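If you want the building blocks of each chain, they are given just below.
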Amino acid sequence: MKKIFSFILFISLLLISSCTINSKYPDDLDDFEANIDLPSDTEADISILIPGGNVNETSMIEKAIEGFNLKYPNINISLGYVSVGSYENTVRNQALAGSLPDIVWTNSPDFYFLVDKNIALPLNQYIDLSEEAGIFDLETDFYKEYFDIGSVDDKHYVVPRSADSVVTFYNKKLLEEAGVNLTLIENGWSWDTFMDVCLQVREYLDSKGHTDRYVLDANLTTWLSVNYPILRSMGADITDGTGKLTIDSEETREALELVKRMLDERIIVPTGITPGSSFEAGTSAFLFQSASVSLFAERKELKGNIDIVSFPLIGENPKIGTGIAGYSINSASAYKDEAWAFLNYLISYEGQQNMALGGLNTPSIRQDLADYTTANWGEGYREFNLDAYLYGMEYKIAPDFFQYYDAKYKSDLDLALRDLFNNVCNKNKTIEESIATAVRDMEDALES
Amino acid sequence: MKVKKFRKFIRENYEGWLFNLPLMIGLLVFTFIPVFSSLYYSFLDTDGFTQSFVGLGNYIRIFTSDRDIGKVVVNTLTYTIISIVLNLVLSYLLALLVNQKIKGVKTFRVIYYLPCIIPLVASGLLWKDIYDPTYGIFNKILTSLGMPTSSFFQEASSSMFSLILMNLWTLGSGMILWLAAFKNIPKQMYESASIEGANRFQRFIYITIPMSTPMIFFNVVTSIINTLQYNGTLTFAPRDGRGVDDSLYMYAVKIYWEAFERGKLGYGSALAWVLLIIVAIITFILFRTSKWVFYGEEY
């Protein structure tokens, strides 16, 4: 009797277990009818997933909700949070549990995961209907490049909330102390000029005995938006566009030589060493970042001492790192139209102006708000060189190579590329060793 | 007849079952269903969104074509063997030391045990600072002693040693168990041995060690189970817990990496079941070879 009971229990548990995988995501994402004409008394409760720990993101979305509710007072919007460090895991779990919010914050390259898993809804129907209704024109009203970054195979999956781009933050006070001619630092400056200035600062720091300080916080070993454009500027790439790896190339070696030189000249910190300086503390001269000026300008150590300039142009085919932070609609949402109504407000003139009041101090995604001397996103920071964010639109690239691979390879490819730059920044490793390791890791990843 | 018996059994025992019910539901929902789910997943190629049945494919891959597994196994065994031996021996010696009747010894017991009450994540972050190659206190101490500094987790060659050293931080937990075992040894045994002329060393060898073998056995079994499942590096080691050049890439970290970073829930589940089977076999062998454990009944 006991044996039979145990057997029945075992089988029951197995059956219950087998029911726990049950994806709610449709195969055909275009099989729905978009409606952009929602009456203003529409009632709905929708939710948005935003990155936790980012005060700006919360306050700007709250401002947008405030404005949106003036038009749709009966659409209640609640916020949910995700840690950027465990983005995929959280989104996967919520999606499988059926609790993923209707609108999901995403970025490049994380949105490839949403696309690969059919979580992100293609927005083309909504965009086409909006264009037909004369609400907006993607080409002329927006920086379409950013919508394209959030696209795969001509399908738009992400509504960018701003036009983010990597720029160079610099500490004017430190540069002046080092005797740098500040007129050299202008949008469109070259990598050679940048290096000359860095060397001058290095000399100054050494003369003051600050040998443990470094000139540049490059974010080179952790951030694809910095290291990938450096590779691309020299003509190197991860893949040839068919998925075949091309990282072992002369162009990669040239790009890495450029990094090695920065290491040899003690412009950047070697791997494994904690620098005695940081841009935030006012002790490094430069920082590659895409964040808004407001994040640094109010810091006690930097107040009145910093400005921004475009990312230095490398070689004859320069690239500037960019990416998107924006929002996708959950394809399993029961409130797709309401979610679109909110996203449509987010990128409207009024929505962008409202979000800027909530802390969105990076350039608006709208072309008619490019002038930061009048648009809200420049409010309080008009004396800064905010043109730097929008300089060289033709040079902007995002780490788009992920689109050629299945999402399951993303973590490994990401890690392999970070390792490549980590190894190059390791004084004990050569460029050849670093490339060999990267090739092995990437091949392993793709064969796994 | 059987139904009648069953009804009678329920009628007489329902209060006990009611008290047990919350625990039973908790175990069922949070332990048994996930365990059986993972067994089911281990036969699938699934990321949760799509699934296909692969039979023993995931298990075969572990033993045939996973290129990481060799390094992972070597790292895990190195860490397990060195860590367990060091922890058992040093915590035993520490317990002997604080088992003396010396003034203020209780304070030392508390001090040695304090690190064990610090949460794993907090101590991981703490050690990240202590091991900072440039500003960490560890290198400052080494420098002040005129010794060469270390890169700790920032170099593959020093990562494993640093981790083993770091885990000595919680020697106090073993110490407490040893102390409990020592306290259970009847004092009369020591008194009799002293009368018979046994010196301190002989009393240690012939009384203390044999009488604490049940605790040695318990510590060995639990230590093996815990260290084989160690994934603490996820909170502080470079490269998402894998360490420089995969120097800290251990089995439980690999399970996490496969299931949650690569999204291969099926393969991660298969890895977890292989670990469970390995732990079960080791535990079985330990129990079958535990004749050296002295439980006192034959005394």
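Residues numbered from 1 in each chain as written. Chains lettered and ligands numbered in written order. Predicted model: local features only at pLDDT ≥ 70, side-chain atom pairs only at ≥ 80, totals over all residues. Heavy atoms only, no water.

Novice: Quick rundown of the overall build of chain B? Include the residues and the values.
Specialist: The secondary structure content of chain B amounts to 13 helices and two strands. For 299 residues, the compact-globule estimate of 2.2 N^0.38 gives 19 Å, and chain B exceeds it by more than 25% at 24 Å. Over its C-alpha atoms, taken along the principal directions, chain B stretches across nearly 70 × 70 × 35 Å. Per-residue burial over chain B gives 42% buried out of 299 residues. For chain B, long-range pairs separated by at least 24 residues make up 63% of all intrachain contacts whose partners lie at least 6 apart in sequence. Accessible surface, chain B as shown: approximately 17,400 Å² in total, 69% of it carbon and sulfur. On chain B, the mean spot of the 26 positive side-chain charges and the mean spot of the 18 negative ones are 10 Å from each other. (Helix = DSSP H or I, 4+ residues; strand = E, 2+ residues; numbered from the N terminus. Rg over C-alpha atoms; globule rule 2.2 N^0.38 Å. Buried < 20%, exposed > 50% of the residue type's maximum accessible area, 1.4 Å probe, protein only. Contact = heavy atoms within 4.5 Å. Areas by Shrake-Rupley, 256 points an atom, 1.4 Å probe, with all protein chains shown as cover. Lys, Arg positive; Asp, Glu negative; His and termini not counted. Charge placed at Lys NZ, Arg CZ, Asp CG, Glu CD.)

Novice: Residue-level account of the interface of chain B and chain A, with values.
Specialist: Interface size, as often reported, equals the accessible area lost upon joining of the parts. Between chain B and chain A, the contact holds 34 residues from the first and 36 residues from the second. Both faces combined, the contact of chain B with chain A buries some 3,200 Å², and carbon together with sulfur accounts for 53% of it. If you look at where chain B meets chain A, you find six salt bridges. Between Asp240 of chain B and Arg418 of chain A there is a salt bridge whose closest N-O contact spans 3.3 Å. Our enumeration of links across chain B and chain A arrives at seven residue pairs in polar contact (both at pLDDT 80 or more). (Buried area = accessible area lost by both parts, 1.4 Å probe. Salt bridge = Lys/Arg side-chain N within 4 Å of Asp/Glu carboxyl O. Polar contact = N/O pair within 3.5 Å; in protein donor to acceptor, adjacent residues only side chain to side chain.)

Novice: Outline the confidence of the model for chain B, supporting the account with residue identities and numerical values.
Specialist: The pLDDT averaged across chain B works out to 87; a share of 98% of its residues lies at or above 70. When pLDDT is averaged over each element of chain B, helix H13 (residues 265–288) of chain B comes out on top at 93 and helix H5 (residues 120–130) of chain B at the bottom at 83. (pLDDT = per-residue confidence, 0-100.)

Novice: Could you give me a rundown of empty space enclosed by the protein, with the residues and numbers involved?
Specialist: Residues and elements named next belong to chain A. A full pass over the atoms with the stated rule returns one cavity of 30 Å³ or more. Around the largest cavity, the lining residues are Gln352, Gln353, Ala356, Leu360, Thr362, Pro363, Ser364, Leu369 and Trp377. Of the residues that constitute the lining of the largest cavity, the class distribution is five nonpolar, four polar and no charged. (1 Å grid on protein atoms, 1.4 Å probe; cavity = no way out; pocket = protein on both sides within 12 Å on 5 of 7 lines; lining within 4 Å. Points joined across faces, edges and corners; volume = space filled by probe spheres on them. Nonpolar A, V, L, I, M, F, W, Y, C, P; charged D, E, K, R; others polar.)

Novice: With reference to specific residues and values, describe the domain arrangement of chain B.
Specialist: When the domains of chain B are assigned, the result is domain 1 (1–34) and domain 2 (67–292). In this structure, domain 1 of chain B and domain 2 of chain B have C-alpha centres spaced 39 Å apart. (Domains from an automatic or database assignment.)

Novice: I'd like a description of the environment of Gly232 of chain B, backed by residues and values.
Specialist: Residue and element names in this part refer to chain B. Structurally, Gly232 is set in the loop between helix H11 (213–228) and helix H12 (251–261). On the accessibility criterion, Gly232 (3% relative accessible area) is buried. Linking Gly232 and Leu163, residues 69 residues apart in sequence, is a C-alpha distance of 9.8 Å.

Novice: Pulling in residues and values, what's your account of the side chain of Asn426 of chain A?
Specialist: The residue Asn426 of chain A is located in the loop between helix H16 (410–424) and helix H17 (431–447) in this model. What makes Asn426 of chain A buried here is its relative accessible area of 5%. A polar contact of 2.9 Å, which involves the side chain of Asn426 of chain A, links it to the backbone nitrogen of Asn428 of chain A. Leave out the neighbours within four places in its chain, and Asn426 of chain A touches Lys260, Leu263 and Thr271 of chain A together with Glu155 of chain B.

Novice: Quick one: what's the story with a negative patch on the surface, residue by residue and with numbers?
Specialist: Residues and elements named next belong to chain A. A cluster of acidic residues, Glu251, Glu254, Glu257 and Asp264, forms a negative patch on the protein surface. Its place among the elements puts Asp264 in helix H11 (residues 250–264). Accessibility expressed as a relative area gives 58% for Asp264, which makes it exposed. (Patch = residues over 30% accessible without salt bridge, like charges linked within 9 Å, V, L, I, M, F, W, Y side chains within 5 Å.)

Novice: Please set out unusual backbone geometry residue by residue, giving values where relevant.
Specialist: Look at the link from Ser108 of chain A to Pro109 of chain A: it is a cis peptide, with omega at 15°. With respect to the helices and strands, Pro109 of chain A occurs in the loop between strand S3 (103–107) and helix H4 (111–116). Non-glycine residue Asn219 of chain A carries a positive phi angle of around 55°. You can see Asn219 of chain A is positioned in the loop between strand S8 (216–217) and helix H10 (224–233). Using a relative accessible area of 27% as the deciding quantity, one classes Asn219 of chain A as partly exposed. The residue Arg239 of chain B is not glycine, and still its phi comes out positive at about 55°. On the secondary structure map, Arg239 of chain B appears in the loop between H11 and H12.

Novice: Could you give me a rundown of the sheet that holds strand S9 (residues 286–289) of chain A, with the residues and numbers involved?
Specialist: All names here are of chain A. If you trace the four strands from one edge of the open sheet to the other, you get S8-S9-S7-S10, paired in mixed fashion. On the outer flanks of this sheet lie S8 and strand S10 (306–310), each paired with one strand and no other. Sheet topology places strand S7 (residues 167–171) next to S9; four bridges connect them, and they run antiparallel. Its bridge partner lying in S9, Thr168 is registered against Phe288. (Pairing = 2+ DSSP bridges.)

Novice: Describe the domain arrangement of chain A, listing the residues and the values that go with them.
Specialist: All names here are of chain A. Looking at the assigned domains, one finds that chain A contains domain 1 (38–163 + 323–369) and domain 2 (167–319 + 397–447). Listed per partner, the contact involves 13 residues of domain 1 and 13 residues of domain 2. A buried area of about 1,000 Å², summed over both sides, lies between domain 1 and domain 2, and 59% of it is on carbon and sulfur atoms. Looking only at domain 1, the three residues that lose the most surface to domain 2 are Pro109, Tyr112 and Asn361, adding up to 42% of its buried area. At the surface where domain 1 touches domain 2, the tally comes to zero salt bridges. Connecting domain 1 to domain 2 are one residue pair in polar contact (both at pLDDT 80 or more). No other element matches H4, which puts three residues into the side of domain 1 that touches domain 2.

Novice: Tell me about the packing of aromatic side chains, and please be specific about residues and values.
Specialist: On inspection of all chains with the given rule, the structure shows 42 aromatic pairs over all chains. An angle of 10° between the planes, with centres 4.3 Å apart, marks the rings of Tyr131 of chain B and Phe152 of chain B as stacked. Here Phe152 of chain B lies in the loop between helix H6 (137–144) and helix H7 (156–167) and Tyr131 of chain B lies in the loop between H5 and H6, a separation of 21 residues in the sequence. Like Phe152 of chain B, Tyr131 of chain B is buried. In textbook terms, an aromatic cluster arises when at least three aromatic residues are bridged by ring pairs, as seen for Trp127, Tyr131, Phe138, Phe152, Phe153, Trp169 and Phe236 of chain B. One cation-aromatic arrangement involves Lys336 of chain A over Phe32 of chain A; the distance from NZ or CZ to the ring centre is 5.9 Å. Taking the ring centre of Tyr249 of chain B as reference, the NZ or CZ of Arg242 of chain B above it sits at 4.2 Å. (Phe/Tyr/Trp six-rings, centres within 6.5 Å; stacked < 30°, edge-to-face > 60°. Lys NZ or Arg CZ within 6 Å of the ring centre and 35° of its normal.)

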